[in-house]
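Chain and residue survey
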Amino acid sequence: MTSANPFRCFQGVFLRDAFLIGLAIVALAYLGRRFPVGSGVRLALAIVQALLLGAIVVRTVLSIRRLDELLLKVHLEGIAISFTIFASLISGWAMLEKAGAPSIEWGVWAWPVMALLWCVAVVIRGRQYR
Amino acid sequence: MTNRVRELRSERDWSQGELGEQLGVSRQTVNAIETGKYDPSLPLAFKIAALFELAIEEVFEPDEKPKRKTPATAEGRSRR
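A brief look at the structure comes next.

Thresholds, definitions, all that
- Residues numbered from 1 in each chain as written.
- Chains lettered and ligands numbered in written order.
- Predicted model: local features only at pLDDT ≥ 70, side-chain atom pairs only at ≥ 80, totals over all residues.
- Heavy atoms only, no water.
- Helix = DSSP H or I, 4+ residues; strand = E, 2+ residues; numbered from the N terminus.
- Contact = heavy atoms within 4.5 Å.
- Areas by Shrake-Rupley, 256 points an atom, 1.4 Å probe, with all protein chains shown as cover.
- 1 Å grid on protein atoms, 1.4 Å probe; cavity = no way out; pocket = protein on both sides within 12 Å on 5 of 7 lines; lining within 4 Å.
- Points joined across faces, edges and corners; volume = space filled by probe spheres on them.
- Nonpolar A, V, L, I, M, F, W, Y, C, P; charged D, E, K, R; others polar.
- Buried < 20%, exposed > 50% of the residue type's maximum accessible area, 1.4 Å probe, protein only.
- Arc of directions from axis to C-beta.
- Buried area = accessible area lost by both parts, 1.4 Å probe.
- Salt bridge = Lys/Arg side-chain N within 4 Å of Asp/Glu carboxyl O.

Let us now look at the overall build of chain B. Counting its secondary structure elements, chain B contains 6 helices and 2 strands. Going from N to C terminus, chain B has its helices and strands arranged as β-α-α-α-α-α-β-α. Taking contacts inside chain B between residues at least 6 apart in sequence as the whole, the part at least 24 apart equals 57%. Accessible surface computed for chain B: about 5,400 Å², of which carbon and sulfur atoms make up 49%.

With that settled, the discussion passes to the layout of surface pockets. All names here are of chain A. A volume near 1,200 Å³ is recorded for the largest pocket. Ile 25, Leu 53, Ile 56, Trp 111 and Pro 112 are, among the 36 residues lining the largest pocket, the residues nearest its centre. Among the secondary structure elements, those contributing two or more residues to the lining of the largest pocket are helix 1 (13-32), helix 2 (40-64), helix 3 (69-98) and helix 4 (106-128). Residues of the lining of the largest pocket, tallied by class, amount to 27 nonpolar, 6 polar and 3 charged.

All names here are of chain B. Within helix 2 (residues 16-23), burial applies to Gln 16, Gly 17, Leu 19, Gly 20 and Leu 23. When helix 2 is viewed along its axis, its buried side chains cluster within an angular range of 160° and face the same direction. Tucked into the core, helix 2 has its buried residues touching helix 1 (5-11), helix 3 (27-34) and helix 4 (42-51). Positive phi shows up at Gly 24, right after helix 2, with a value of about 75°.

Right, let's get into the interface of chain B and chain A. Counting residues at the interface gives 16 residues for chain B and 13 residues for chain A. Of the roughly 1,200 Å² buried at the junction of chain B and chain A (both faces included), carbon and sulfur atoms supply 54%. When residues of chain B are sorted by the area they lose upon contact with chain A, B:Gln28, B:Lys37 and B:Tyr38 head the list and together hold 49% of the total. Across the chain B-chain A interface, the total number found is 0 salt bridges. At the level of secondary structure, the elements contributing two or more residues to the side of chain B that touches chain A comprise helix 2 and helix 3 of chain B. Considering each element in turn, the side of chain B that touches chain A owes the most residues, 5 residues, to helix 3 of chain B. Considered class by class, the residues forming the side of chain B that touches chain A number 5 nonpolar, 8 polar and 3 charged.

For the structure on display, the rule yields 8 salt bridges over all chains. The salt bridge partner of A:Asp17 is A:Arg16, with a shortest N-O separation of 3.0 Å. For A:Asp17, a relative accessible area of 17% translates into the label buried. B:Arg4 serves as the salt-bridge partner of B:Glu7, at 3.2 Å between the closest nitrogen and oxygen. When its relative accessible area of 30% is taken as the criterion, B:Arg4 is described as partly exposed. Several salt bridges converge on common partners, so that one network encompasses A:Arg16, A:Asp17 and A:Arg59.

This is the structure we're talking about:
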């Protein structure tokens, strides 16, 4: 039997991998600061960072696919809901910025905000099937 | 869709967890199917029916049976 915890796919090996990849991205960001903007080395480091982000995406998708069909449905609905809310949030904030609200660097905040929205959506949708 | 999963499981004295283990799904999924909150996919429905050694229609039943067109009705419509 598989566990009923909808987040079980993000435990153990996934957490370790995500932590290591995140650490590598931050380390590369600090390393990149030593080189001038536009230099070949800095661009190469930025490309590696982007590829590492891609690795997290692949790792996440592979983890979700191990879930059973109901939990997979809950996660896919969670992703759809969080995507819609997040897209609305970015557009809404862009309008607020034009009106004088502080600027937010979405490149940094996109992951934590979307992950949080995803988790909340999964918990809410998961309750429906209990 | 209604189903007899809970009844069939109880007859065999299996827990939801034990049934889930045999089907390769979580206890929550078994519970959601039994309570009618979730309709399983066709492959899972066949797997459930096979586990209970029954035909799929003996385990699952639609809320409303689809209306079949009688040959006379179909013929009548094609003439219009």
